[in-house]
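# Overview (structure and organization)
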Amino acid sequence: MVMRKAARVLLLCLLAGSALAQSNLETARQAVLDWQAGKYRVDPAQAIGKPTEEAIRLLERSLAFPDPPRDLSINLDEPLEETTPRGSVVAFPATAGGRGGEVRVTLREGQVTRIGFTPEGGLLPPWLKNPLSWALFVALSLGWLLALRGNNLLSRSWVEGWALVRQHRGLYLGTNLGLYGLFALGSLVAYANPGLVRLMQELVGGALEQIGLGGALGGGVLSLAVVIFYWNLANGLLLTTAVPALLLGIPALLFNALRYFVLGFALSPVALPTLNYLLHLPTIVIELQAYILVTFGGLVLLVKTLRGEGYRAGLRALGQTAYLGTFFLLVGAWYEAFSILVLMQP
C-alpha cells in the first residue's frame with residue numbers, strides 16, 4: 001500500500017514537471033511571436049523626465065527586449081530549455097544576417113523577463129573552443145612560470161620591466177592611486193542609487209551574452225580561463241590601452257579613468273552578495289593592475305619623449321609594461337574562471 005502511494009506521488013510529480021516544462025515552452029513560443037510583432041518594444045527616450053524608479057524600469061525593459069534583427073528567421077519547432085540562476089531559458093534556433101545563432105527567452109516564475117538574439121559563438125573566434133587552444137594555454141601558463149625561474153629572454157624581460165617600475169616609482173604609484181581610486185569612487189557613488197547599479201549589471205550581462213562569454217561557462221575552468229584571457233588581452237590590454245598609449249599615453253589614461261569609474265559602479269558591493277564580491281575582489285585587483293601597468297607604460301613613453309630620450313626608448317618601455325600586464329591577465333584569468341565555476345557555486 002505504501003509503495004503504491006509513493007509510486008502515485010512520484011507519477012504526479014513527473015506529470016506536474018512535464019506540464020510546467022510544456023507551459024514554459026508555449027509561453028516562450030508566444031513571447032517570441034509577440035517580440036517580433038513589436039509588443040515588447042520600449043523607446044529608451046521615454047525614460048527622460050520620469051521619476052528615477054520609473055525611468056530605471058523603462059530602461060531595464062528596453063535592455064531586456066532589444067529589437068529583433070530585420071532579417072531574423074526563427075525555428076519555433078525545436079526549442080531547447082535549460083535552467084540557470086536567472087531562471088529558465090528557452091532557446092530557439094535562428095539565423096540573422098547569414099549567421100546562425102539562437103533566440104533566447106528567459107522566464108522567471110512563468111514570466112518572460114528577457115528576449116534576444118545571440119549569434120553562434122558571439123564575438124569570439126571559433127578556435128578558442130578547440131582543445132588544442134586549451135593545451136597551448138596550459139603550456140603557456142606552466143612554461144612562463146618555469147621560465148621566470150631561469151636565465152632567458154622571458155626572465156630578463158621580467159626583471160627589466162620591474163626595474164622600469166622602480167625607476168619611475170612615483171609615476172607608477174600615482175597611476176595606481178588615481179585609477180584604483182576612481183574604481184573605489186565609482187563603488188561608493190553606487191550606494192546613492194542601487195537601482196541604477198542593477199540596471200548597469202543587466203547591461204553588462206547582456207553584453208557578455210552577445211560576446212559569447214556566457215557560453216564558455218559550460219566548458220569548465222580551463223575553457224573559461226582561455227576565453228577570459230583572450231578577451232581581456234585583445235580588447236582590454238591591447239586594443240583599448242596599449243594602442244591609445246602609443247599616442248603619448250594620455251588617451252590611455254583618460255580611457256581607463258572612465259573605465260575604472262564605470263567598473264567600480266557596476267561591480268559595487270551594494271548590488272552583489274558580500275561573499276561573491278569578496279571572492280571576486282582578487283580578480284578585480286589583478287586584472288585592473290594589468291591595465292594600470294600599460295597605462296603607466298604609456299605615461300613613461302610621454303616622459304621619455306618630452307625629456308629628449310626619444311620615442312623609441314619610450315616605446316620599449318611601453319612594451320615592457322605590456323609584457324608585465326599580460327602576465328597579470330594570465331594569472332587573473334585562471335583565478336576568475338576558478339572563482340566563478342568553483343568558489344561562487346552554491
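Calculation criteria
Residues numbered from 1 in each chain as written. Predicted model: local features only at pLDDT ≥ 70, side-chain atom pairs only at ≥ 80, totals over all residues. Heavy atoms only, no water. 1 Å grid on protein atoms, 1.4 Å probe; cavity = no way out; pocket = protein on both sides within 12 Å on 5 of 7 lines; lining within 4 Å. Points joined across faces, edges and corners; volume = space filled by probe spheres on them. Nonpolar A, V, L, I, M, F, W, Y, C, P; charged D, E, K, R; others polar. Salt bridge = Lys/Arg side-chain N within 4 Å of Asp/Glu carboxyl O. Buried < 20%, exposed > 50% of the residue type's maximum accessible area, 1.4 Å probe, protein only. Helix = DSSP H or I, 4+ residues; strand = E, 2+ residues; numbered from the N terminus. Contact = heavy atoms within 4.5 Å. Axes fitted to C-alpha atoms, helices over the stretch in contact; angles between N-to-C directions. Parallel < 35°, antiparallel > 145°, perpendicular 65-115°, else oblique. Left-handed = near helix turned anticlockwise from the far one by under 90°.

### Remarks on empty space enclosed by the protein
Over the atoms rolls a probe the size of a water molecule, and in doing so it shows where empty space is left. The full count for this structure, using the stated rule, is 1 cavity of 30 Å³ or more. In this structure, the largest cavity occupies an estimated 30 Å³ of space. Along the walls of the largest cavity sit Trp 35, Gly 38, Tyr 40, Arg 41, Phe 65, Pro 66, Asp 67 and Pro 68, which together make up its complete lining. Of the residues that constitute the lining of the largest cavity, the class distribution is 5 nonpolar, 1 polar and 2 charged.

### As for the pattern of salt bridges
Under the criterion given, the structure shown has 7 salt bridges. Of the charged contacts in the structure, one is a salt bridge between Asp 34 and Lys 39, with a shortest N-O distance of 3.6 Å. A residue is classified by how much of its surface remains accessible, and Asp 34, at 16% relative accessible area, is buried. A salt bridge links Glu 160 to Arg 316; its shortest N-O distance comes to 3.2 Å. Residue Glu 160 is found in helix α4 (residues 153-167), and its partner Arg 316 is found in helix α10 (residues 311-343); the two are separated by 156 residues along the sequence.

### Quick look at the side chain of Gln 289
Within the fold, Gln 289 resides in helix α9 (residues 274-306). Not counting the four nearest positions on each side in its chain, Gln 289 is found in contact with Tyr 172, Asn 176, Tyr 180 and Phe 328.

### Quick look at the packing of α4 against α10
α10 packs onto α4 with a crossing angle of 110 degrees between their chain directions and a minimal axis gap of 9 Å. The angle between the axes of α4 and α10 places the two elements in the roughly perpendicular class. In the crossing of α4 with α10, the sense of the turn from one axis to the other is left-handed. On α10, the residues that touch Leu 154, Ser 155, Ser 157, Trp 158, Glu 160, Gly 161, Trp 162, Leu 164 and Val 165 of α4 are Arg 316, Ala 317, Gln 320, Thr 321, Tyr 323, Leu 324, Phe 327 and Phe 328. Its residues assigned to classes, the contact of α4 with α10 shows 10 nonpolar, 5 polar and 2 charged.

Don't take any of this as a statement about function, it's just geometry.
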